[in-house]
Amino acid sequence: DTGVSQDPRHKITKRGQNVTFRCDPISEHNRLYWYRQTLGQGPEFLTYFQNEAQLEKSRLLSDRFSAERPKGSFSTLEIQRTEQGDSAMYLCASSKTGDNSPLHFGNGTRLTVT
Amino acid sequence: AQSVTQPDIHITVSEGASLELRCNYSYGATPYLFWYVQSPGQGLQLLLKYFSGDTLVQGIKGFEAEFKRSQSSFNLRKPSVHWSDAAEYFCAVSTGNQFYFGTGTSLTVIP
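Bear in mind the structure is a predicted one, so any value in this text is a computation, not a measurement. (Residues numbered from 1 in each chain as written. Chains lettered and ligands numbered in written order. Predicted model: local features only at pLDDT ≥ 70, side-chain atom pairs only at ≥ 80, totals over all residues. Heavy atoms only, no water.)

**Q** Would you mind going over the overall build of chain A with me for this structure?
**A** A tally of regular secondary structure across chain A gives zero helices and 11 strands. When the helices and strands of chain A are listed from N to C terminus, the series reads β-β-β-β-β-β-β-β-β-β-β. Relative to the 2.2 N^0.38 estimate, which gives 13 Å for 114 residues, the radius of gyration of chain A is 13 Å and therefore close to what a compact globule would have. Dimensions of chain A along its principal axes, counting C-alpha atoms only, are 40 × 25 × 25 Å. Looking at chain A as a whole, 46% of its 114 residues qualify as buried. The contacts in chain A between residues at least 6 apart in sequence include a share of 53% that link residues at least 24 apart. About 5,800 Å² of surface is accessible on chain A, with carbon and sulfur atoms providing 42% of the total. (Helix = DSSP H or I, 4+ residues; strand = E, 2+ residues; numbered from the N terminus. Rg over C-alpha atoms; globule rule 2.2 N^0.38 Å. Buried < 20%, exposed > 50% of the residue type's maximum accessible area, 1.4 Å probe, protein only. Contact = heavy atoms within 4.5 Å. Areas by Shrake-Rupley, 256 points an atom, 1.4 Å probe, with all protein chains shown as cover.)

**Q** Can you help me understand the interface of chain A and chain B in this one?
**A** Quoted interface sizes are often the accessible area lost when the parts come together. Each side of the interface is counted separately: chain A has 23 residues, and chain B has 20 residues. Of the roughly 1,700 Å² buried between chain A and chain B on both sides combined, carbon and sulfur atoms contribute 51%. Counting every contact that joins chain A to chain B gives six residue pairs in polar contact (both at pLDDT 80 or more). Contributing elements (two or more residues each) for the side of chain A that touches chain B: β4 (31-37), β5 (44-50) and β9 (88-95) of chain A. Of the residues belonging to the side of chain A that touches chain B, the class tally is 10 nonpolar, nine polar and four charged. (Buried area = accessible area lost by both parts, 1.4 Å probe. Polar contact = N/O pair within 3.5 Å; in protein donor to acceptor, adjacent residues only side chain to side chain. Nonpolar A, V, L, I, M, F, W, Y, C, P; charged D, E, K, R; others polar.)

**Q** How do you make sense of the layout of surface pockets when you look at a structure like this?
**A** Over the atoms rolls a probe the size of a water molecule, and in doing so it shows where empty space is left. The calculated volume of the largest pocket comes to roughly 390 Å³. Taken together, 20 residues form the lining of the largest pocket, with Glu44, Phe45, Ser58 and Leu60 of chain A together with Tyr100 of chain B sitting closest to its centre. Counting residues per element, the ones that place at least two in the lining of the largest pocket are β5 and β6 (53-57) of chain A together with β1 (3-5) and β11 (99-101) of chain B. At three residues, β11 of chain B tops the list of elements feeding residues into the lining of the largest pocket. The residue inventory of the lining of the largest pocket, partitioned by class, reads eight nonpolar, eight polar and four charged. Lining of the second largest pocket is provided by 17 residues; of these, Gln37 and Leu39 of chain A together with Gln38, Pro40 and Gly41 of chain B occupy positions nearest its centre. Tallying contributions element by element places strand β10 (residues 87-94) of chain B first for the lining of the second largest pocket, with three residues. The class makeup of the residues in the lining of the second largest pocket is six nonpolar, nine polar and two charged. (1 Å grid on protein atoms, 1.4 Å probe; cavity = no way out; pocket = protein on both sides within 12 Å on 5 of 7 lines; lining within 4 Å. Points joined across faces, edges and corners; volume = space filled by probe spheres on them.)

Take a look at the structure:
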């Protein structure tokens, strides 16, 4: 168990630029989640995958956000035309299938939009 | 709708004192409940989980939590707090596919 890995740890970008984050889940986990966390708040659900299928997407997620998990292993989260309000910590988590399987989190990617 | 409430935004305790962090949930079925801890700039680490059975569950780092269905609560406790316990604590409820987190309680430990 090497844990959930996220890259990069930090990203500073200018408003209007596109950014892409990568997440490598624990290898035997077939569920992968993306969350966003702002200061003083808990993680806010963005989307989740079971294997390569994106099963749910938050209605709060604008069309500028897209996520993929092409081979059911790593995932990418892309934000197009970034806005200052996108500044946050983006957390990836993975789990096994099963109602009682907990989430295992990566250390997150801190995005700052200037 | 599912939700989690952590009434205490911030708590300060002295090192060696006992700790209780409150969590109330709203969910129509039998809940799957979790406590996570987050250090600054880090992801969330699982402390403990409850699915069924014994309502008092033990976790890592000396933490425990008690599930009380009648009160819709899942409070986290520790008998003696260490300075290294200073962090943000999140309670979460799972519906099976989806996890809902509270807004967290920030713990400060003073010498």
